[in-house]
Amino acid sequence: MSVYLITGGAGFIGSHLCEALLKEGHHIINVDSFADNYSYQRKVINVLESLGMDTEFTFRNKKDDLQLLLQRVNGDRYRLELTDIRCMDSMEHIFQTSRIDVVVHLAAYPGVRASMDNPYEAEEVNVKGTLHILELMRKHGIRKWICASSSSVYGTNAKVPFAEDDAVESPISVYAMTKKSCELLGHIYHHQYGIDTIMLRFFTVFGERQRPDLAIHKFTALIDQGLEIPFYGDGSTYRDYTYIKDIINGIKGSIEYVEQQQNVYQILNLGGNQTHSLASMVEDIAQELGKKTILHKLPKQPGDVDRTYADISKAQNMIGYEPMTTFREGLQAFVSWYKGGGYEW
Ligand SMILES: NC(=O)c1ccc[n+]([C@@H]2O[C@H](COP(=O)([O-])OP(=O)(O)OC[C@H]3O[C@@H](n4cnc5c(N)ncnc54)[C@H](O)[C@@H]3O)[C@@H](O)[C@H]2O)c1
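Note that the coordinates shown come from a computational prediction; the quantities given were computed from them, not determined experimentally.

Procedures and definitions
- Per chain, the residues get numbers from 1 upward, laid out in the order the sequence is written.
- In keeping with the model being predicted, local features are shown solely for residues with a pLDDT of at least 70 and side-chain atom pairs are shown and tallied solely at 80 or more, while totals for entire chains, interfaces and linings include all residues.
- Heavy atoms from the whole structure form the basis of all side-chain values; hydrogens and water molecules are not counted.
- If DSSP finds at least two bridges between two strands, the strands pair.
- Secondary structure elements follow DSSP: runs of H or I no shorter than four residues count as helices, runs of E no shorter than two count as strands, and numbering proceeds from the N terminus.
- For helices, the fitted axis covers only the stretch in contact; all axes are lines through C-alpha atoms, and the angles between them, taken along N-to-C directions, range from 0 to 180 degrees.
- Note on contacts: a residue pair qualifies if any of its non-hydrogen atoms lie within 4.5 Å across the two residues.
- The term salt bridge refers to a side-chain nitrogen of Lys or Arg lying within 4 Å of a carboxyl oxygen of Asp or Glu.
- Think of it in three bands: with a 1.4 Å probe and only protein chains considered, a residue is buried below 20% of the maximum accessible area for its type, exposed above 50%, and partly exposed in between.
- We call a residue near a given molecule or strand whenever any one of its heavy atoms falls within 4 Å of it.
- We define a polar contact as two N or O atoms separated by no more than 3.5 Å, with the added condition that, inside protein, one atom must be a possible hydrogen donor and the other a possible acceptor, whereas residues neighbouring each other in sequence contribute only through side-chain atom pairs.
- Throughout, the Shrake-Rupley method with a 1.4 Å probe supplies accessible areas, and for residues the shown protein chains are the sole cover considered.
- Asp, Glu, Lys and Arg are counted as charged, while Ala, Val, Leu, Ile, Met, Phe, Trp, Tyr, Cys and Pro are counted as nonpolar; the rest, among them Gly, fall into the polar class.
- Note on disulfides: each one is a pair of cysteine sulfur atoms within 2.5 Å.
- By definition, turning the near helix anticlockwise from the far helix through less than a right angle yields a left-handed crossing, and turning it clockwise yields a right-handed one.
- Nonpolar cores are built from buried Ala, Val, Leu, Ile, Met, Phe, Trp, Tyr and Cys residues. Side-chain atoms within 4.5 Å join them into one set.

Side note on the sheet that holds strand 3 (residues 78-81)
Stage number 1. One open sheet accounts for seven strands, arranged 3-2-1-4-5-6-11; its pairing is parallel. Two strands bound the open sheet, and with one partner strand each, they are strand 3 and strand 11 (265-270). Taken pair by pair, the neighbouring strands of this sheet meet at an average axis angle of 15 degrees, ignoring direction.
Stage number 2. This element, helix 6 (residues 119-140), spans strand 1 (3-7), strand 4 (102-105) and strand 5 (144-150) of the sheet and lies at about 170 degrees to strand 5.
Stage number 3. Each of strand 5, strand 6 (196-202) and strand 11 is contacted by helix 7 (residues 174-193), which is oriented at about 160 degrees to strand 5, the strand it contacts most.

Right, here's the structure in full:
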């Protein structure tokens, strides 16, 4: 069994990954600062769910609640470290005192719009934080690394579907720049220090526990409450949506690959292999909820790309990645999670 250090393991994707790897008998060190991009309560529930624990929790204040969480969850196979990846001293301590086989780096300041509102924060967490992780890996001789990149690096790429060897020199958001920077840092540390690396370009991930700032979650909440949806552009922009369980299979396949192979530096698209327009996505959500939409039409947002569409043939060939969930199936799972109280926090 392996020991995986997962950064951002209390978040949307990270909590699903912890859950899947724990089920396979592996050991997890989850480094998460419970950042304020959304409620810490939701992340507490994510952690409890990922461990298959009772999610009853009486929330009081963040500091005490997180201490209580630590007492409840820390055990032989799972360790939660309440640490900011930018804090070199506490990160150093974790690396010094742990055996780690693979680092899966998911912690980030995520989101295109958030990165334009807080560009310094986005740069500091995503670039400096990633550099910290790589420096610690170099220093402590850990040579296997998976890192979350993003489809946003493709910017306004004219050619579809987007392939990994398309030029990605023209980011249109600070977030995209930071993810491209992570890919470049990964390349440097692979070349200089032999760290085997797979950079995963996720294409809009959705499903249970999805971040509340992402469109599907946000629109579901607004439609459910009978509120107006801010509808940017004419609805013709489209996205490649990827269901969370398919993404987790892609991450697991990448971990296996990097553990078994030597001299790896690869970038892989993980997409859903199907695209949906903004207009049809909103309609589908309304149908799932059995409610009507009220659209508040607004001009297109700067930084938003018109379309994303992944060419997944490289991931299919390299790690046997195969998205199995249709958009509608994934949406049904999401909406039923949402109706079961997912949105409460
Ligand atoms: N969700 C998507 O559609 C999507 C698409 C492309 C890329 N990604 C990338 O995937 C990764 C996971 O995204 P997510 O949607 O699960 O986001 P999330 O916000 O749910 O999870 C990120 C986690 O990282 C933690 N974190 C943030 N800053 C930290 C810091 N400085 N130190 C320690 N922990 C910190 C947060 O508390 C959170 O639990 C991110 O790198 C994101 O950029 C996500």
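So that's the structure; there's more coming.
Some points on unusual backbone geometry
Stage number 1. The amide bond that connects valine 160 to the next residue, proline 161, takes the cis arrangement and shows omega of -10 degrees.
Stage number 2. Checked against the element boundaries, proline 161 lands in the loop between strand 5 and helix 7.
Stage number 3. Although it is not a glycine, arginine 209 adopts a positive phi angle of roughly 70 degrees.
Stage number 4. Along the chain, the position of arginine 209 falls in the loop between strand 7 (205-206) and helix 8 (215-224).
Stage number 5. The backbone of asparagine 273 shows a phi angle near 70 degrees, a positive value even though the residue is not glycine.
Stage number 6. Along the polypeptide, asparagine 273 turns up in the loop between strand 11 and strand 12 (275-277).

As for the pattern of salt bridges
Stage number 1. Here the structure, examined in full by the defined rule, presents 23 salt bridges.
Stage number 2. For the salt bridge of glutamate 19 with arginine 209, the shortest nitrogen-to-oxygen distance reads 2.7 Å. Residue glutamate 19 is located in helix 1 (residues 12-23), and its partner arginine 209 is located in the loop between strand 7 and helix 8; the two are separated by 190 residues in the primary sequence. For the residue pair glutamate 19 and arginine 209, the accessibility class agrees, reading buried in each case.
Stage number 3. Arginine 328 is the partner of glutamate 288 in a salt bridge, and the nearest nitrogen-oxygen pair spans 2.8 Å. Taken together, the residues span a long stretch of sequence, with glutamate 288 in helix 10 (residues 278-289) and arginine 328 in helix 12 (residues 327-339) at a distance of 40 residues.

Considering the site of the ligand
Stage number 1. The environment of the ligand is made up of 31 residues, and the closest members are Asp32, Asn37, Tyr38, Tyr175 and Val205.
Stage number 2. Measuring from a nitrogen atom of the ligand, one finds a side-chain N or O atom of aspartate 84 at 2.9 Å.
Stage number 3. In the model, an oxygen atom of the ligand is placed 2.8 Å from a nitrogen or oxygen of the lysine 179 side chain.
Stage number 4. Relative to its unbound accessible area of 820 Å², the ligand is 97% covered by the protein chains.
Stage number 5. Only helix 1, strand 5 and helix 7 provide two or more residues apiece to the shell around the ligand.
Stage number 6. Ranked by residues supplied to the shell around the ligand, first place goes to strand 5 with three residues.
Stage number 7. When the residues that make up the shell around the ligand are grouped by side-chain class, the tally is 17 nonpolar, eight polar and six charged.

Thoughts on the state of the cysteines
Stage number 1. Applying the stated rule across the entire model yields zero disulfides.
Stage number 2. In this structure cysteine 182 is a free cysteine whose sulfur lies 4.7 Å from that of cysteine 147, the closest cysteine sulfur available.
Stage number 3. On the basis of relative accessibility, which here comes to 2%, the residue cysteine 182 falls in the buried class.

Here we look at the packing of helix 4 (residues 88-97) against helix 6
Stage number 1. At a minimum axis separation of 10 Å, helix 4 and helix 6 run at an interaxial angle of 35 degrees. Read as a crossing pair, helix 4 and helix 6 show a hand that is right-handed. The residues of helix 6 that touch helix 4, namely those facing Met88, Met91, Glu92, Phe95 and Gln96, are His132, Ile133, Glu135, Leu136, Met137, Lys139 and His140.
Stage number 2. Here the contact of helix 4 with helix 6 is built from residues that sort into six nonpolar, three polar and three charged.

Focus on the nonpolar core
Stage number 1. In this structure, Ile13, Leu69, Phe202 and Ile251 are the most contacted members of the largest nonpolar core, which totals 78 residues.
Stage number 2. Every residue in contact with phenylalanine 202, bar those within four places of it in the chain, is listed here: Ile13, Leu106, Ala148, Ser149, Ser150, Ser151, Ile247, Ile251 and Leu270.
Stage number 3. Of all hydrophobic cores here, the second largest spans 30 residues; its members include Val3, Leu5, Ile100 and Tyr189.

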